[in-house]
Amino acid sequence: MTKAPGSRAGKTSGRGQRDLRVRVKTAKGRKLSSTLWLERQLNDPYVARARREGYRGRAAFKILELDDKYRFLVPGARVVDLGCAPGGWCQVAVERVNALGEKSGKAVGKVLGVDLQPVDPISGAEIHQLDFLSEGADEQVKQWLGGPADVVMSDMAAASSGHKGTDHLRIVALVEAAAALAFDVLEPGGTFVAKVLAGGAETDMQALLKRNFTKVANVKPPASRSDSSEKFVVATGFRGRPEKGDDQPG
Ligand SMILES: C[S@@+](CC[C@H](N)C(=O)[O-])C[C@H]1O[C@@H](n2cnc3c(N)ncnc32)[C@H](O)[C@@H]1O
């Protein structure tokens, strides 16, 4: 069944219930028992707000806050959302780029979401299940996209290994794969947004982005938990596709 972006369906899937049984590791290495995790969820204003406003998760507010500051989800924009489950970023993108094509007189955008996990349908978004690190994944995404993109955004994160250095390197690999797609499909002037974890190995990526975008910012939006080492790189003003073999990510 197709659901409207504001639909509450999908928010109380098995995913949330499974989370109650695991122990969550924070950036500072502390383990949260399921009771503490539940307490944190219940006291979190973003969790309550997501429920009230019909978003599938508190992550939606991270992209809302980033977009409020950098204004890349404009009406008519074509957006690729990598690591989109359960769908909060897609819901925001659909609303902001007008992917439902309501009779608003604004340009109609496109939202393409991809994740390892299945995602309940989101009206206005095209969603596919895919391991973005698998062979040929970028070609597959380009085929689904069917043209250039204005925004490539990645909230991809591998399940925590419990080892900070390993988690950091894994996320760097995901950011590199996302950046490679961005370099291939972004229109000049386009935007690349990606979640990174503080840890040091992102320096080369930052330098590469600085050469290929007019502005690169590292941001921790208010909705990102202070005990998490995540931050977001927002690269705006893509200078255009570099020559093959020259200045490519990865
Ligand atoms: C923090 S969640 C994304 C939340 C999402 N932005 C939202 O608003 O609902 C990270 C997602 O990255 C996905 N992911 C991790 N590795 C991936 C890969 N190799 N390919 C595709 N998705 C991946 C995970 O399955 C997970 O759903």
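All values derive from a computational prediction rather than experimental measurement.

Okay, the site of the ligand next. What surrounds the ligand is a group of 20 residues, the closest being W89, D115, D131, F132 and D155. A distance of 2.9 Å separates an oxygen atom of the ligand from a polar backbone atom of W89. D131 places a side-chain nitrogen or oxygen 2.8 Å from a nitrogen atom of the ligand. Burial of the ligand by the protein chains amounts to 90% of its free accessible area of 610 Å². When grouped by side-chain class, the residues that make up the shell around the ligand number twelve nonpolar, four polar and four charged.

The UniProt entry lists G87, W89, D115, D131 and D155 under the feature "binding site: S-adenosyl-L-methionine" (unreviewed entry), expressed in the numbering used here. Note on placement: W89 falls in helix α5 (residues 88-97). On the basis of relative accessible area, W89 is assigned to the buried category, the value being 3%. If near-sequence neighbours (up to four positions away) are discounted, W89 is found in contact with A59, A60, I63, D81, M153, S154, D155 and F232. In terms of polar contacts, W89 uses its side chain to reach the backbone carbonyl oxygen of A59, at 3.1 Å. Relative to the helices and strands, D131 is located in the loop between β5 (125-129) and α6 (137-145). Apart from residues no more than four positions distant in its own chain, D131 is found in contact with L116 and A137. At 2.9 Å, the side chain of D131 forms a polar contact with the backbone nitrogen of L133.

Conventions used here
Residues numbered from 1 in each chain as written. Predicted model: local features only at pLDDT ≥ 70, side-chain atom pairs only at ≥ 80, totals over all residues. Heavy atoms only, no water. Near = heavy atom within 4 Å. Polar contact = N/O pair within 3.5 Å; in protein donor to acceptor, adjacent residues only side chain to side chain. Areas by Shrake-Rupley, 256 points an atom, 1.4 Å probe, with all protein chains shown as cover. Nonpolar A, V, L, I, M, F, W, Y, C, P; charged D, E, K, R; others polar. UniProt positions renumbered as here; feature names shortened; annotations may be inferred. Helix = DSSP H or I, 4+ residues; strand = E, 2+ residues; numbered from the N terminus. Buried < 20%, exposed > 50% of the residue type's maximum accessible area, 1.4 Å probe, protein only. Contact = heavy atoms within 4.5 Å.

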